[in-house]
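Here is what each chain is made of, one letter per residue.
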Amino acid sequence: MASRQQQMEKVKQLMDFTGLSEKDSSRVLKAYNWDISMALNHVYDQQAINYQQQQQQSFKLTKAYTQNIKNLFDTYKDNQKPDLITVDGTMQLCQDLDIEPTQLEFLLISHQLGSERMGEFTRDAFTKGCVQLQVDTIDKLKQALNTTLKQQFQTDEGFRKIYSYAFLLGRQTGQKSLSLEAATELWRLLLTDRFNLLEQWIKFLEEKHGKAISRDTWNLFLDFASQKDLDMQTYDSEGAWPILIDEFVEYMQH
């Protein structure tokens, strides 16, 4: 029979090796007549069984979770194209989320769910977006839209991501540029509270430009509009701005 001191040493050893509490280590060692090897084998076997059970449980939960997302997608899918949500499904999705396709919220949800064409969602991108947000029902998606996605948009990085994405989503299929009409709508959606000369910019484009907006102009305009203390009178026309922005400043100076 091990002495009290030996018993305490073995308890400490078992605790160090296995992470068990003093009480549990003592209980296991007593059960195996203070044989440290047998006690260790028992604990490791038990831990392996527990780990396996946890993995199985986790797999079951993940399977159920992805099945819920699949069901959610299927609610809105196109009957002719089972891996695609098209315009009708998108309209229903908007209705269920209490948003309009013309609202900023629609842009946020389209970005999260990987839409590459206005009003269309693929099964893979939709699933990936839901998994990232950890949502598997329409109510959870709605809640995440009004909390997580809106909060992300409030950050400078989040805003720039959405701004850049808006250009890609707003283009007509096969077009490299954004129609002036689409650009105008998206600028109003994104910049109304951020750039106080927005309406003058749009008026200038409609009067003097009248053409589609290139990606370069779209991106650089955000940098121009984001300048602190923007002053048309001290504008540097030698700066690296697109000619269109130079022309706008000239337009504003007259």
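Looking up the protein in an unreviewed UniProt entry gives the name Defective in cullin neddylation protein, with the organism given as Mucor plumbeus. Checking UniProt for the protein, the heading Function (unreviewed entry) contains the comment "Neddylation of cullins play an essential role in the regulation of SCF-type complexes activity."

K.L.:
What should I look at first to understand the overall build of the protein in this one?
P.N.:
Looking only at helices and strands, one finds 12 helices and 2 strands in the protein. Ordered by position in the sequence, the α and β elements of the protein form the string α-α-α-β-α-α-β-α-α-α-α-α-α-α. Taking 2.2 N^0.38 as the reference for a compact globule, 254 residues should give roughly 18 Å; the C-alpha atoms of the protein span a radius of gyration of 30 Å, well beyond that estimate. Residues classed as buried in the protein amount to 37% of the 254 residues present.

K.L.:
Please clarify how the side chain of Thr217 should be interpreted in this entry.
P.N.:
Within the element layout of this structure, Thr217 appears in helix α11 (residues 215–225). Under the relative-accessibility criterion, Thr217 is labelled buried at 9%. In terms of polar contacts, Thr217 uses its side chain to reach the side chain of Ser214, at 3.1 Å. Residue contacts for Thr217: discarding those within four places in its chain leaves Pro242 and Leu244.

K.L.:
I'm lost on the environment of Phe224 in this one. Help?
P.N.:
Examined against the element boundaries, Phe224 turns out to sit in helix α11. The exposure class assigned to Phe224 is buried, which follows from its relative accessible area of 0%. When neighbours within four sequence positions are excluded, Phe224 is seen to be in contact with Phe195, Leu230, Met232, Tyr235, Trp241, Ile245, Phe248 and Val249.

K.L.:
What's the story with the nonpolar core in this structure? I'm lost.
P.N.:
Ranked by size, the top nonpolar core spans 59 residues in total, and within it Trp187, Leu190, Trp201, Trp218 and Phe221 carry the most contacts. Aside from chain neighbours lying at most four places away, what touches Phe221 is Tyr163, Trp187, Leu191, Phe195, Trp201 and Ile245. Core analysis: the next-biggest nonpolar cluster, separate from the first, contains 9 residues, Val28, Trp34, Ala39 and Leu40 among them.

K.L.:
Looking at this model, I keep getting lost on unusual backbone geometry. Mind explaining?
P.N.:
Glycine aside, a negative phi is what most residues show, and trans is what most peptide bonds show. Residues other than glycine seldom take positive phi values, yet Trp34 does so here, at roughly 65°. Residue class for Trp34 comes out buried when judged on its relative accessible area of 8%. For Gln134, which is not glycine, the phi dihedral falls at a positive 60°. Mapped onto the fold, Gln134 is located in the loop between α6 (123–133) and α7 (138–154). By relative accessible area, which is 62% here, Gln134 ends up exposed.

K.L.:
Can you walk me through the state of the cysteines in this structure?
P.N.:
Each disulfide consists of one covalent bond between the sulfur atoms belonging to two cysteines. With the rule as written, the count across this model stands at 0 disulfides. Considering cysteine sulfurs only, Cys130 is the nearest to Cys94, which forms no disulfide, with 14 Å between them. For Cys94, a relative accessible area of 3% puts it in the buried group.

K.L.:
Please clarify how α7 should be interpreted in this entry.
P.N.:
Every α-helix carries 3.6 residues per turn, so stepping three or four residues along brings you back to the same face. Over its 17 residues, α7 runs 23 Å from end to end, which matches the ideal 24 Å to within 8%, given 1.5 Å per residue. Of all the bends in α7, the greatest, near 40°, is centred on Leu145. Turning to α7, its buried residues number three or more, namely Ile138, Leu141, Ala144, Leu145, Leu149 and Phe153.

K.L.:
Is there a simple way to think about the pattern of salt bridges in this case?
P.N.:
Between side chains of opposite charge, pairing is possible as soon as their charged atoms come close. Per the stated rule, a full pass over the model turns up 14 salt bridges. For Asp83, the salt bridge identified is with Arg123, shortest N-O distance 2.6 Å. On the criterion of sequence distance, the pair formed by Asp83 in the loop between α3 (36–76) and β1 (84–85) and Arg123 in helix α6 is long-range, its members being 40 residues apart. Close ionic contact of Lys140 with Asp136 constitutes a salt bridge, the shortest N to O distance being 2.8 Å. On the basis of relative accessibility, which here comes to 38%, the residue Lys140 falls in the partly exposed class.

Basis of the calculations
Residues numbered from 1 in each chain as written. Predicted model: local features only at pLDDT ≥ 70, side-chain atom pairs only at ≥ 80, totals over all residues. Heavy atoms only, no water. UniProt positions renumbered as here; feature names shortened; annotations may be inferred. Helix = DSSP H or I, 4+ residues; strand = E, 2+ residues; numbered from the N terminus. Rg over C-alpha atoms; globule rule 2.2 N^0.38 Å. Buried < 20%, exposed > 50% of the residue type's maximum accessible area, 1.4 Å probe, protein only. Polar contact = N/O pair within 3.5 Å; in protein donor to acceptor, adjacent residues only side chain to side chain. Contact = heavy atoms within 4.5 Å. Core = buried A, V, L, I, M, F, W, Y, C linked by side-chain atoms within 4.5 Å. Disulfide = S-S within 2.5 Å. Expected span 1.5 Å × (residues − 1). Bend = angle between axes of the 7 residues up to and from the residue. Salt bridge = Lys/Arg side-chain N within 4 Å of Asp/Glu carboxyl O.

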